[in-house]
Amino acid sequence: MPKIEKIIFATKNKGKVREISEILKFMDIPVLTMEEAGIEVEIVENGKSFEENALIKAKSVHAVSGGLVLADDSGLEIDYLNKEPGIYSARYMGENTSYHEKNMNLIGRLEGVPDDKRTARFVCAVAAVFPDGTHKVVRATMEGRIGYKEAGSNGFGYDPIFILPKYGVTTAELAPEVKNQESHRGKALRLMGKEIMDYEDSDNK
Ligand code: ITT
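It should be emphasised that the depicted structure is a prediction, and the values quoted were computed from it without experimental measurement.

Visitor: Explain helix 3 (residues 99-109) here, please?
Guide: Because an α-helix packs 3.6 residues into every turn, residues spaced three or four apart end up facing the same way. Where helix 3 is concerned, the buried positions are Lys102, Asn103, Leu106 and Ile107. Looking straight down helix 3, one finds its buried side chains confined to an arc of 135°; they lie on one side. Here the buried face of helix 3 lies against strand 3 (68-78) and strand 4 (84-85).

Visitor: I keep staring at the layout of surface pockets and nothing clicks. Help me out?
Guide: Once rolled over the atoms, a probe with the size of a water molecule shows which space is left empty. Considered as a void within the structure, the largest pocket measures approximately 680 Å³ in volume. Surrounding the largest pocket, 27 residues form its lining, Asn13, Lys16, Glu45, Lys57 and Ala90 being those nearest its centre. Going through the elements one at a time, strand 3, helix 3 and helix 5 (184-201) are the ones with two or more residues in the lining of the largest pocket. Of all the elements, strand 3 adds the most residues to the lining of the largest pocket, at three residues. Grouping the amino acids of the lining of the largest pocket by side-chain chemistry returns nine nonpolar, seven polar and 11 charged.

Visitor: Looking at this structure, I do not really get the nonpolar core. What am I missing?
Guide: It is characteristic of soluble globular proteins that their nonpolar side chains tend to be buried jointly. Leu24, Leu68, Leu70, Val126, Leu189, Met192 and Ile196 are the most contacted members of the largest nonpolar core, which has 21 residues in total. Mapped onto this core, the elements with two or more residues apiece are strand 1 (7-9), helix 1 (14-23), strand 3, strand 5 (119-129), strand 6 (135-146) and helix 5. Among the elements that take part in this core, helix 5 stands out by supplying five residues, more than any other. Each residue touching Leu24, except ones within four places of it in the same chain, is listed here: Phe9, Val31, Leu70 and Leu189.

Visitor: Help me out: how do you make sense of the packing of aromatic side chains in this one?
Guide: Centre distance and the angle of the planes are the two values used to describe a pair of aromatic rings. Inspection of the entire model under this criterion finds three aromatic pairs. The interplanar angle of 85° and the centroid separation of 5.1 Å between the aromatic rings of Tyr99 and Tyr158 together place this pair among those described as edge-to-face. Of the two residues, Tyr99 is situated in helix 3 and Tyr158 in the loop between strand 6 and strand 7 (162-164); the sequence distance between them amounts to 59 residues. Using a relative accessible area of 29% as the deciding quantity, one classes Tyr99 as partly exposed. Ring geometry for Phe122 against Phe162: centres 4.5 Å apart, planes inclined by 45°, an arrangement best described as tilted.

Cut-off values and rules
Residues numbered from 1 in each chain as written. Predicted model: local features only at pLDDT ≥ 70, side-chain atom pairs only at ≥ 80, totals over all residues. Heavy atoms only, no water. Buried < 20%, exposed > 50% of the residue type's maximum accessible area, 1.4 Å probe, protein only. Helix = DSSP H or I, 4+ residues; strand = E, 2+ residues; numbered from the N terminus. Arc of directions from axis to C-beta. Contact = heavy atoms within 4.5 Å. 1 Å grid on protein atoms, 1.4 Å probe; cavity = no way out; pocket = protein on both sides within 12 Å on 5 of 7 lines; lining within 4 Å. Points joined across faces, edges and corners; volume = space filled by probe spheres on them. Nonpolar A, V, L, I, M, F, W, Y, C, P; charged D, E, K, R; others polar. Core = buried A, V, L, I, M, F, W, Y, C linked by side-chain atoms within 4.5 Å. Phe/Tyr/Trp six-rings, centres within 6.5 Å; stacked < 30°, edge-to-face > 60°.

By themselves these figures say nothing about function.
Here is the structure:
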């Protein structure tokens, strides 16, 4: 059976790239970013769910690169805010607004809201488009709650305000390997790792 020789990951987010390359080490397949693979393509993220958007990204890149392409669509759902910012997490308050401002804004919108109503989760859908054009999408979550101030400098995005109850600290305060063990992205990518191994073991190539 031909082995998959490389994975192209359809993301421009440097925080994700750092995590993804660590998490996928167990696969023993080189992971290239779009930049490393020399791919530039306009991606219109107009899906209505994390799954749809992940698949849109993976298909857009696969159309020009072929091979195995993975993509991640992820975000933060805050229950008290009707699951905002959700699929709009990157675009919340504008793509160019700093995460410090976005985080302070969300904390402000939760002013006076007690701990038990501050529940939130990170969601990650990972899509794969395989060399034969078939695809798979998986999803995983990490449950937690929104803190009262920013804390920590690891991770990226909304990590400084997301408290993981099991550790009592934000995901920006966790060592990267601990975050990857617990995170939506870590869990979704490990699920996808199994799908990739199944594909390699199948006959449909
Ligand atoms: P690509 O589409 O190029 O992958 P993006 O940043 O636009 O990059 P998304 O549309 O998936 O990606 O947006 C995800 C946003 O959700 C991300 O920019 C963060 O603000 C937030 N997010 C997702 N996972 C996170 C994590 O592990 N820690 C902190 N914030 C996270």
